[in-house]
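Close look at the chain arrangement
The primary structure of each chain is shown beneath.
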Amino acid sequence: MLEFNKILGELVVLEAKNALNIRQLGNKEKLPMDLLLLADPSREMVMAYANRGECYVAEIEEKVIGVYILLPARPGIVELANVAVAKEHQGKGFGKRLVLDAIRRAGKRGFKTIEVGTGNSSISQLALYQKCGFRISGVDRGFFVRHYAETIYENGIRCRDMVRLSLDLVETTCKG
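Everything quoted here is computed from the prediction, not taken from an experiment.

A closer look at the sheet that holds strand S6 (residues 135-140)
Pairing is mixed in the open sheet, where seven strands are placed in the order S1-S2-S3-S4-S5-S9-S6. Here the strands that pair on one side only, and so sit at the sheet edges, are strand S1 (20-24) and S6. For this sheet, the mean inter-axis angle between neighbouring strands, taken without regard to orientation, is 25°. Taken together, the five bridges between S6 and strand S9 (residues 162-168) define a ladder with antiparallel strand orientation. Directly across from Gly138, in S9, lies its bridge partner Arg164. Relative to the sheet, helix H5 (residues 123-131) contacts strand S4 (77-85), strand S5 (113-119), S6 and S9, its axis offset from that of S5 by approximately 165°.

This is how it looks when you write it as structure tokens:
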């Protein structure tokens, strides 16, 4: 289990580096679909889970540069359904900040576990989630073949399977 104090400490260090503001998207605000489609090419799938979850945006000087969605899945379990950073801001640690923020918010809300799913071809994302404490919990073989009409390639690898990862949260040590 990951200690929230460690997560919060990393988040404080990262927050000091850049003036990044992460906030929940308001009910009347438009979804940043261009960003959401970077992480999931299916508009229909994105709309389906976005309507059931809570969308959070990362802003620099009031410009949205990142997004994620928290989606309650089962009692005590929340899913991190989409993490995306604008191309010009990738590779600067913003994805990690979004993931750590999602973990912090999930813990503060009392969830016991946070889960995420990503493609077998999503090498950078698999590394990021594991660096943030997630562990592989399963593989949904053929997920992207069954649920996406178009064939997806990433890093020269056909995306076929969804790799599921999870992180057990320690709600009693969550601060802030």
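Anyway, onward from the coordinates.
Regarding the packing of aromatic side chains
Applying the stated criterion across every chain yields a total of five aromatic pairs. Measuring from ring centre to ring centre gives 5.3 Å for Phe144 and Tyr148, while their planes differ by 35°; the resulting arrangement is tilted. Exposure class is identical for Phe144 and Tyr148. Each is buried. The rings of Phe143, Phe144 and Tyr148 are connected pair by pair, giving a single aromatic cluster.

Focus: the pattern of salt bridges
Side chains that differ in charge, positive against negative, can pair when their charged atoms come close. Throughout the structure, instances matching the rule amount to 10 salt bridges. Two residues, Arg23 and Glu29, come together in a salt bridge whose shortest N-O distance is 2.8 Å. You can call Arg23 partly exposed: its relative accessible area is 24%. Two residues, Lys63 and Glu88, come together in a salt bridge whose shortest N-O distance is 4.0 Å. With Lys63 in strand S3 (residues 63-74) and Glu88 in the loop between S4 and helix H4 (94-108), this residue pair connects regions lying 25 residues apart in the sequence. The network of salt bridges with common partners includes Arg74, Glu79, Glu115 and Arg164.

Examining the confidence of the model for the protein chain
On average, the protein chain scores 89 in pLDDT, and the residues at 70 or more come to 86%. Segment residues 171-176: pLDDT under 50, and 17 contacts once partners within four positions in sequence are set aside and those in other chains are kept.

Let's talk about H5
When H5 is considered as a whole, its buried residues turn out to be Leu126, Leu128 and Tyr129. One face of H5 carries all of its buried residues, which in axial projection span an arc of 160°. The exposed residues of H5 that point more than 90 degrees off its buried face are Ser124 and Lys131. On the buried face of H5, the contacting elements are S4, H4, S5 and S9. Following H5 by one or two positions, Gly133 adopts a phi angle in the positive range, close to 105°.

The rules we used
- Every chain's residues receive numbers from 1 upward, in the order its sequence appears when written.
- Where totals are concerned, whole chains, interfaces and linings use all residues; where local detail is concerned, this predicted model gives features only for residues with pLDDT of at least 70, and gives and counts side-chain atom pairs only at 80 or more.
- As a rule here, side-chain values cover all heavy atoms of the structure and leave hydrogens and water aside.
- Paired strands, in this sense, are two strands between which DSSP finds at least two bridges.
- Strands here are runs of E lasting at least two residues and helices are runs of H or I lasting at least four, both read from the DSSP assignment and numbered beginning at the N terminus.
- Each axis is a line fitted through C-alpha atoms, taken for helices only over the stretch in contact, and angles between the N-to-C directions span 0 to 180 degrees.
- Contacts are assigned to residue pairs with any non-hydrogen atoms lying within 4.5 Å of each other.
- Only Phe, Tyr and Trp rings are paired, with Trp represented by its six-membered ring, and only when their centres lie within 6.5 Å; those with planes under 30 degrees apart are stacked, over 60 edge-to-face, the remainder tilted.
- Only protein chains enter the calculation, and the probe is 1.4 Å; a residue is then buried if its accessible area is under 20% of its type maximum, exposed if over 50%, and partly exposed in between.
- Salt bridges are defined by distance alone: a side-chain nitrogen of Lys or Arg within 4 Å of a carboxyl oxygen of Asp or Glu.
- Confidence scores here are pLDDT values: one per residue, from the predictor, ranging 0 to 100.
- Each C-beta atom gives one direction from the helix axis, and the arc is the one those directions make.

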